[in-house]
Structure formats: C-alpha cells, structure tokens
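Structural description and commentary
Here is what each chain is made of, one letter per residue.
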Number of protein chains: 2
Amino acid sequence: MGKLYVVGIGPGDYDDMTIRAGKILSRSDLIIGYHVYVELVKQWYPDKTFLTTPMTREAQRCRMALEAAEQGKTVSLVCSGDSGIYGMAALVLELRGEKRTPEVEIVPGLTAACSGGALLGAPLTHDFAVISLSDRLTPWETIEKRLTAAAEADLSIVLYNPASHGRPDHLRRACVILRRVLPGERLCAVVRNIGREGQDRRLCTLAQMQDLDVDMFCTVFIGNAAAKEIAGNLVTPRGYRDV
Amino acid sequence: MGKLYVVGIGPGDYDDMTIRAGKILSRSDLIIGYHVYVELVKQWYPDKTFLTTPMTREAQRCRMALEAAEQGKTVSLVCSGDSGIYGMAALVLELRGEKRTPEVEIVPGLTAACSGGALLGAPLTHDFAVISLSDRLTPWETIEKRLTAAAEADLSIVLYNPASHGRPDHLRRACVILRRVLPGERLCAVVRNIGREGQDRRLCTLAQMQDLDVDMFCTVFIGNAAAKEIAGNLVTPRGYRDV
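Since this is a predicted model, take the numbers as computed values, not measurements.

Bringing the pairing of strand 2 (residues 30-34) of chain A into the picture now. Residue and element names in this part refer to chain A. Counting buried positions along strand 2 gives 5 out of 5 residues, so the element sits mostly inside the fold. Judged from the 5 bridges that link them, strand 2 and strand 3 (residues 49-53) form a sheet pairing that is parallel. Residue pairing for strand 3: I31 is matched across the bridge by F50. As a crossover connection, the stretch from strand 2 through helix 2 (residues 35-44) into strand 3 is right-handed. Of the pairings in the sheet, the one linking strand 2 to strand 4 (residues 74-79) comprises 3 bridges and is parallel in character. What sits directly across from I31, in strand 4, is S76.

When chain B is fitted to chain A, the residual RMSD is 0.0 Å, and the transformation amounts to a turn of 180° plus an axial shift of 0.0 Å. Such a combination of turn and shift is consistent with a two-fold rotation axis.

Further remarks concern the packing of aromatic side chains. Applying the stated criterion across every chain, the model contains 6 aromatic pairs over all chains. The interplanar angle of 70° and the centroid separation of 5.6 Å between the aromatic rings of Y14 of chain B and W44 of chain B together place this pair among those described as edge-to-face. One end of the pair, Y14 of chain B, is in the loop between strand 1 (3-8) and helix 1 (19-26); the other, W44 of chain B, is in helix 2 (residues 35-44), with 30 residues separating them in the sequence. The lysine or arginine in question, R173 of chain A, covers the ring of W140 of chain A, its NZ or CZ lying 4.3 Å from the ring centre.

So, on to the side chain of S83 of chain A. All names here are of chain A. Tracing the backbone shows S83 in the loop between strand 4 and helix 4 (89-96). Taking relative accessible area as the criterion, S83 reaches 0% and is therefore assigned buried. A distance of 2.8 Å separates a polar side-chain atom of S83 from the backbone oxygen of V107. The contact partners of S83, leaving out residues within four places of it in the chain, are V6, V7, G8, M88, A89, I106, V107, P108 and G109.

P102 of chain A follows T101 of chain A through a cis peptide bond whose omega is -5°. Tracing the backbone through its elements, the reader meets P102 of chain A in the loop between helix 4 and strand 5 (103-107). One non-glycine residue with positive phi stands out, namely R100 of chain B, at about 65°. Here R100 of chain B is to be found in the loop between helix 4 (89-96) and strand 5 (103-107). For N193 of chain B, which is not a glycine, the phi torsion comes out positive at approximately 50°. You can see N193 of chain B is positioned in the loop between strand 9 (187-192) and strand 10 (200-205). Judged by its relative accessible area of 12%, N193 of chain B falls in the buried class.

With 73 residues of chain B at the interface, the matching set in chain A holds 73 residues. For the chain B and chain A pair, buried surface summed over both sides reaches about 6600 Å², with 57% attributable to carbon and sulfur atoms. Remark: the boundary between chain B and chain A carries 10 salt bridges. At the boundary of chain B and chain A, one finds 34 residue pairs in polar contact (both at pLDDT 80 or more). The greatest single-element share of the side of chain B that touches chain A, amounting to 7 residues, is contributed by helix 4 of chain B. Residues belonging to the side of chain B that touches chain A are distributed by class as follows: 33 nonpolar, 17 polar and 23 charged. Of the strand pairs in this sheet, strand 7 (residues 128-132) of chain A and strand 7 (residues 128-132) of chain B are connected by 3 bridges, and their pairing is antiparallel. Directly across from V130 of chain A, in strand 7 of chain B, lies its bridge partner F128 of chain B.

Turning our eyes to something else, we now look at the nonpolar core. A general tendency of soluble globular proteins is for nonpolar side chains to be buried together. Residues M209 and I222 of chain A together with M209 and I222 of chain B are the most contacted members of the largest nonpolar core, which totals 60 residues. Beyond its immediate stretch of four places on either side in the chain, M209 of chain B contacts L171, C175, C188, A189, V190, C204, V220 and I222 of chain B.

All names here are of chain A. Taken as a whole, helix 7 (residues 170-178) has its buried residues at H170, L171, A174, C175, I177 and L178. For helix 7, the angular spread of buried residues about the axis comes to 160°, placing them on one side. Against the buried residues of helix 7 lie helix 6 (140-152), strand 8 (156-160), helix 8 (206-209) and strand 11 (218-222).

Analysis parameters
Residues numbered from 1 in each chain as written. Chains lettered and ligands numbered in written order. Predicted model: local features only at pLDDT ≥ 70, side-chain atom pairs only at ≥ 80, totals over all residues. Heavy atoms only, no water. Buried < 20%, exposed > 50% of the residue type's maximum accessible area, 1.4 Å probe, protein only. Helix = DSSP H or I, 4+ residues; strand = E, 2+ residues; numbered from the N terminus. Pairing = 2+ DSSP bridges. Right-handed = clockwise from strand over helix to strand, strands pointing away. Least-squares fit on C-alpha atoms with pLDDT ≥ 70 in both. Phe/Tyr/Trp six-rings, centres within 6.5 Å; stacked < 30°, edge-to-face > 60°. Lys NZ or Arg CZ within 6 Å of the ring centre and 35° of its normal. Polar contact = N/O pair within 3.5 Å; in protein donor to acceptor, adjacent residues only side chain to side chain. Contact = heavy atoms within 4.5 Å. Buried area = accessible area lost by both parts, 1.4 Å probe. Salt bridge = Lys/Arg side-chain N within 4 Å of Asp/Glu carboxyl O. Nonpolar A, V, L, I, M, F, W, Y, C, P; charged D, E, K, R; others polar. Core = buried A, V, L, I, M, F, W, Y, C linked by side-chain atoms within 4.5 Å. Arc of directions from axis to C-beta.

What follows is the structure in structure tokens.
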C-alpha cells in the first residue's frame, strides 16, 4: 500500500527539520513540491526521484501526489515551514475527500513564527496572532479587520507573506492600519531567509517598518505593548513574579 | 567558553524534535528542565547529567542554567513544544540582561499549534490566534478580550493551558465568551498528550466542548467559519480557485 506524507520541512536548513521528517524523506520513493523547496531537499537526498510544479499549480501538485500514493508509492509532498499553517495539508485532505485512500499523514514542521521568533530572541512569549498579507485567497477587507482586532487586543502579531511581486506595498498598507491603533514607537522586527543563505534580522519601530523593503522571503513581527529590546534581541518579557 | 541553549523539544516524541535539537542535547554537559520534560529527555540520553526544578521555580531554573554556562559548561535548558512560545527563552534573556555572556542560543521546537494541528488534519490553513487560558501571568479580563477579538475577526483559535488543578473551569468560561460571537455548531477539537503515551484527539462542536473534561495536557482548536470535517479530520479549506 502506498502512502502520502505531507511534510513540513521547516525554514530551509536540514538541521531545522524534525527527525521524523528526515526519516520519512529518506524512505520516500517520490518527493513532490514547489521547485524552490525541492531544490533544498535535493541537496539532502540527491538520489531520490523528484517532481515539481509551478507555485500557482498547488492542486495539480496535490493530485499528482495522491495518484502516485494510490499506485503504491511512498510519496512525500514537501512544504516550507509547517505542512498545515498556510501549507498543503488542507488541499490534500479536500482533494481526497471522504475516500480515506490513499493513507495520508500530516507531518508538522517549524513554522516561521517559531523559527523566526528564535532568531529574534523571544517575541512570542504571550498570546499572538498569525496573519498572512496575501490577498490571493482572502479579501483585503478581512485582512484589515484581523490586523485591527489583533492590535486592539494587544496580541503580538506575526505577518506571513508581507509582499510579493504582485503586491509590493502590502506591508506599508498593513502598517498604516496598525498605526491607527498602535504607537509608531512600537517595537517590530523583520527576519529574512531564516536558516538559509543570506539569513538576516532587523529590529525597528513600527514607524520605520512602514518604509522597509520586504519580499516573499521575509516574516514580520509586531511586538505587543510589553515588547522590549534586550541585548539586541526582541523580547516579550515573561513577567514571572519570582524574577 | 560555555554556552546555554534554550531548546524546544516539541510535543514529547523523540522523532518530533528537530535534528538540531537532537545534536545539541547529545553534546550538552548538563540538561535542565521541569521534571516531566527531563524525564522524557532522560529516556533518549540516559548518560547525561540532569537537573530539575519544580514547575513554579522557572527563574531559579534559568539562573542555574546561566550560571553553569558561565562556568564553561555546554548547557541545554529544555522546554516542551517551542522554546519561545510560552517557553523559557524570554526569561533567560531577561535574566541575562545586557551582559551578553554567557552566549545564549534559542533553538525552536514544534509548538502544539503545529503538532496538534497535524494530528487533527489541517485546522490552521488560514490566519489564527494562539491564546493561553492560564491567568497566572495574564489578567482574565485580557484573556476574555482576546478571545472575543479573535472570534469576531474569524481567526481560527488555538487555546493553550485550557485547564489545570487550580482552574478546572477555564475552558467552560472561555466557551461561554466565544458563544457570544460564534454559533454552538462551530467545529472544534481537543488533542491530548500529543506524541506521547495516551495520545488522543476528539472533534466536537463548540456547544459540546463547553462540557468536556480537559487538563493541562490538552490543546484546544476552535475552527473559523469555513472549518469542516473531512473523513474524520478537522480542515480549514485552502480554497484554491483551481481545485
């Protein structure tokens, strides 16, 4: 019997993958994914068989993976970060529907909230929201509403997909919305290429962030009211009474 | 020179740890943590030296770890899930302050939003909020405000620390608040002991969840408006136009 694993490979460094993900990839007959992530995995498992599809052909990619598993293969569909959070897991389960074959296992991975947070220090010690600025699947009005709600409730905020070629100004627009609620001095940070070549991090204020150049490889953190800089790191204090 | 690693070990199964976390633990001179998690790690690295402190002595634990690193040891302070999200990373950085010694590295791990989400299917395909129901460090009024804001903005919600001995009814109180905004039929789920003995998952409605018995080993998921059950899994559909 074939089986399809939907595998979150984490930010992009082999060591940031889970031990489980590594074991599954190493025993897969076929590894499928968006070409950028397949190129990463190829460096780690050069002898495997790989299949790629362009970014916008997610459903085609999932169908190929389901069909190969149905035909008896052990298949890994790889996603960057986590396989569920803005990942392919839902689409695979939707396309399989109520059939229950082939067997599907969702294998979690480090999402950018975790890996980017660690790179910055400890920005997510308390409650937070994860919001994507891509309006490809969500109307911009909904994104705007969520940003406002999260800021008003003093949640730390992690912004995924802060920009792309088609929408270079989404972060600036988000900052304008956030500044209706939050002060311009609010501490923020941007991480880029977590765990990959060119890894970079930058702390700044919300006012400064409005003018930063970001791309699809960036993840943005907005501190909550307690966020502060300690020795160059972005930290939301834990606030234990016995400190 | 010693170094302190603050290591997220994930939900509790060796395979759910990252490869990096495994390498760091295996070369540590000393592993420190809350006794429940130290017991897990002891099974994987029985020959290491371990130190534990009770749950409420977090600051003491962090100070012990910093001191041992200052004395030249390679030290791992272990946290369940991620080391940042409700973890010890912030407290370590606060206690070290502006000194910049000993060297500290935050090593991320799978948080329950990722590992529990994977166990349930794909509940976090779109934007979501992570909220702890523990009022040990956050006033209950703030928690209440965040629950309402997240529900009104149609965020999927992950509830950490839904109960403990001292506050057995927090999940019920949270459900009452959520039902002011959300319908009783809203799809929800509870996972327990992710990756450990007795692992369990259960899908239910928000109305049903109000009466469930939960404990500190549970993580609760509240679906957004699009959440549905597919072949027994909780799925927030991805909604690609090319499906």
